[in-house]
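Breakdown of the fold
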Amino acid sequence: MTDKNISTQESVESGITEGGRTGAFRDVLAKDHARRGKPPIHFTDMSVDERIAKAQELGLPKFRVKQLANHYYGHFDVNANDFTDFPASARQQVAEEFFPTLITEVTHQVADDGMTIKTLWNLFDNAKIESVLMRYPNRATLCISSQVGCGMGCPFCATGKLGLTRNMSTGEILEQVRVAAKMMQDGKVAGGPGRLSNVVFMGMGEPMGNYRALISAVKQISAMPPEGFGISARNITVSTVGVVPGIRKLTQEGIPVRLAVSLHAPNNELRDELVPMNKRFNVDEVLDAAHDYYLASKRRVSIEYALMRGINDQEIHARQLANKLNHYGDNWAHVNPIPLNPIEGSKWTASKPEDEERFLDILHEAGITATLRDTRGQDIDGACGQLAAKNV
Ligand code: SF4
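The shown structure was predicted, so the numbers you read here are calculated from the model rather than taken from an experiment.

**Describing the pairing of strand S1 (residues 104–111)**
- Where S1 meets strand S2 (residues 116–122), seven bridges bridge the pair, whose relative direction is antiparallel. Of the residues in S2, the one forming a bridge with glutamine 109 is lysine 118.

**Brief notes about the site of the ligand**
- In the vicinity of the ligand, 11 residues are found, and the nearest of them are Cys150, Met152, Cys154, Cys157 and Gly160.
- By residue class, the composition of the shell around the ligand is five nonpolar, five polar and one charged.

**Observations concerning the packing of helix H7 (residues 170–185) against helix H8 (residues 211–222)**
- The N-to-C vectors of H7 and H8 enclose an angle of 35°; their axes lie 9 Å apart at closest approach. You can see that H7 and H8 cross each other, and the crossing is right-handed. Note on element contacts: H8 touches H7 through Ala213, Ser216, Ala217, Gln220 and Ile221, opposite Thr170, Ile173, Leu174 and Val177.

**Things to note about the nonpolar core**
- In this structure, Leu133, Val177, Ala180, Leu259 and Ala290 are the most contacted members of the largest nonpolar core, which totals 106 residues.
- Looking at which element gives the most residues to this core, the answer is H7, with eight residues.
- When we break this core down by domain, the ones giving at least three residues each are domain 1 (18–98) and domain 2 (104–380).
- Excluding residues within four positions of it along the chain, alanine 180 makes contact with Ser131, Leu133, Leu142 and Leu196.

**So, unusual backbone geometry**
- For the bond running from proline 225 to proline 226, omega is 10°, close enough to zero to count as cis.
- Along the chain, proline 226 falls in the loop between H8 and strand S8 (236–240).
- One non-glycine residue, phenylalanine 76, lies in the positive phi region at around 65°.
- Structurally, the position occupied by phenylalanine 76 is in the loop between helix H4 (63–75) and helix H5 (88–98).
- With a phi angle near 60°, asparagine 331 is a residue other than glycine that sits in the positive phi range.
- Tracing the chain through its elements places asparagine 331 in the loop between helix H12 (315–326) and strand S11 (333–339).
- Among the residues examined, asparagine 331 registers 12 C-beta atoms within 10 Å and is labelled exposed.

**Focus: the sheet that holds S8**
- Taken in spatial order, the 10 strands make up an open sheet running S1-S2-S3-S4-S7-S8-S9-S10-S11-S12, and their pairing is mixed. Looking at the sheet topology across the chains shown, the edges are occupied by S1 and strand S12 (369–370).
- Sheet topology places strand S4 (residues 139–143) next to strand S7 (residues 198–201); three bridges connect them, and they run parallel. Residue pairing across strands places threonine 141 opposite asparagine 198, the latter belonging to S7.

**A word on the packing of H12 against helix H13 (residues 353–365)**
- Running from N to C, H12 and H13 point in directions that differ by 30°, and their axes come no closer than 9 Å. Considering the angle they form, H12 stands roughly parallel to H13. Remark: the crossing between H12 and H13 carries right-handed chirality. Each of Glu315, Ala318, Arg319, Leu321 and Ala322 in H12 lies in contact with H13, whose residues at this interface are Arg358, Phe359, Ile362 and Leu363.

**Digging into the environment of glutamate 273**
- On the secondary structure map, glutamate 273 appears in helix H10 (residues 268–274).
- Classification of glutamate 273 by C-beta neighbours within 10 Å gives partly exposed; the count is 19.
- In sequence terms glutamate 273 and cysteine 154 are 119 residues apart; their C-alpha atoms lie 8.2 Å from each other.

**Points about the pairing of S4**
- Burial analysis of S4 places four of its five residues in the buried class, the great majority of the element.
- The sheet contact formed by strand S3 (residues 128–136) and S4 spans five bridges and is antiparallel. Residue pairing in the sheet places arginine 135 in a bridge with alanine 140 of S4.
- The turn linking S3 back onto S4 is made up of two residues.

Conventions used here
- Residues numbered from 1 in each chain as written.
- Predicted model: local features only at pLDDT ≥ 70, side-chain atom pairs only at ≥ 80, totals over all residues.
- Pairing = 2+ DSSP bridges.
- Helix = DSSP H or I, 4+ residues; strand = E, 2+ residues; numbered from the N terminus.
- Near = placed C-beta within 6 Å.
- Nonpolar A, V, L, I, M, F, W, Y, C, P; charged D, E, K, R; others polar.
- Axes fitted to C-alpha atoms, helices over the stretch in contact; angles between N-to-C directions.
- Left-handed = near helix turned anticlockwise from the far one by under 90°.
- Contact = placed C-beta atoms within 7 Å.
- Core = buried A, V, L, I, M, F, W, Y, C linked by C-beta atoms within 7 Å.
- Buried ≥ 20, exposed ≤ 12 C-beta atoms within 10 Å, placed from the backbone.
- Domains from an automatic or database assignment.
- Parallel < 35°, antiparallel > 145°, perpendicular 65-115°, else oblique.

This is how it looks when you write it as structure tokens:
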């Protein structure tokens, strides 16, 4: 079977491509994937009907499900003690059956005067993932993981070096959000109590490689309580390395999340090296899909571009990028050049400041909006592409 023959459905759901010798095709699950089993089923993994059936199994009437949803999405509660509107005798069982512990903190690091917190989580099978909470004057953004490791094999990325262990369940994805929302509510982040306002799928993993869980999570993050956490879809960013069938499916969902595409190179020769997935979906295919997303959603697409010294940060690259984007018209994309955060053992390093500046100037002169992205959390390896804990 050639790549082209792999069905859209298959590639979106699994992120798995045909095997091969290059990094492009390292997106195969680790050999021990099958042995790991599945995470315990959580409230957020169930449909409403499944929740009702489960409640009935426990001898509880239907209306209790709505109460639980209120606790979870509205108050971020999962502990028996919090379920004071339940009979005392049922609380413990309800908590255990509906809200099994899916993520346990191993450690956390604090930076930026307490405004950035990176947490390493242990999952049921001892897999480790990370999330980063970043508070700004007018918002609080959580960067979450959607897979354990990542199979896309970008050679400059710490997470890529881990390979893909497994997809995360919807519950595992959403628990990162609930805990962060609770931390904000309880004033556990410098600056006092507040509200989690933004969620970005830019942590470990390629979200489109775990599409079903991604969409379920997006719906439950954006729906209003008691169906979800009530964080506007416009404040959710889904980042992809360019899995075109995933972008196309997301377009059809009609949920106005922001799409971020990690381009990192303006031509196929270079992108083949930096983003092996390019051999499957090339620059033009990715930009076509991204532009169609813009047309359908009216949301400007973010183009992520990690600037690597002497590799993709020269004048010619900026000009090529500007031409590629302008080919589709004005104002449909926003470029986020981000200085690469060097990782140990990597031959790629951050661009020189003068090269960064020139890169930005060229884009601006070509009429393209571009802002150097904040590398918040750099001192704790928390910036994008670095979510691979040394402890993992
Ligand atoms: S840059 Fe993104 S897609 Fe590439 S390996 Fe790292 S996490 Fe995966």
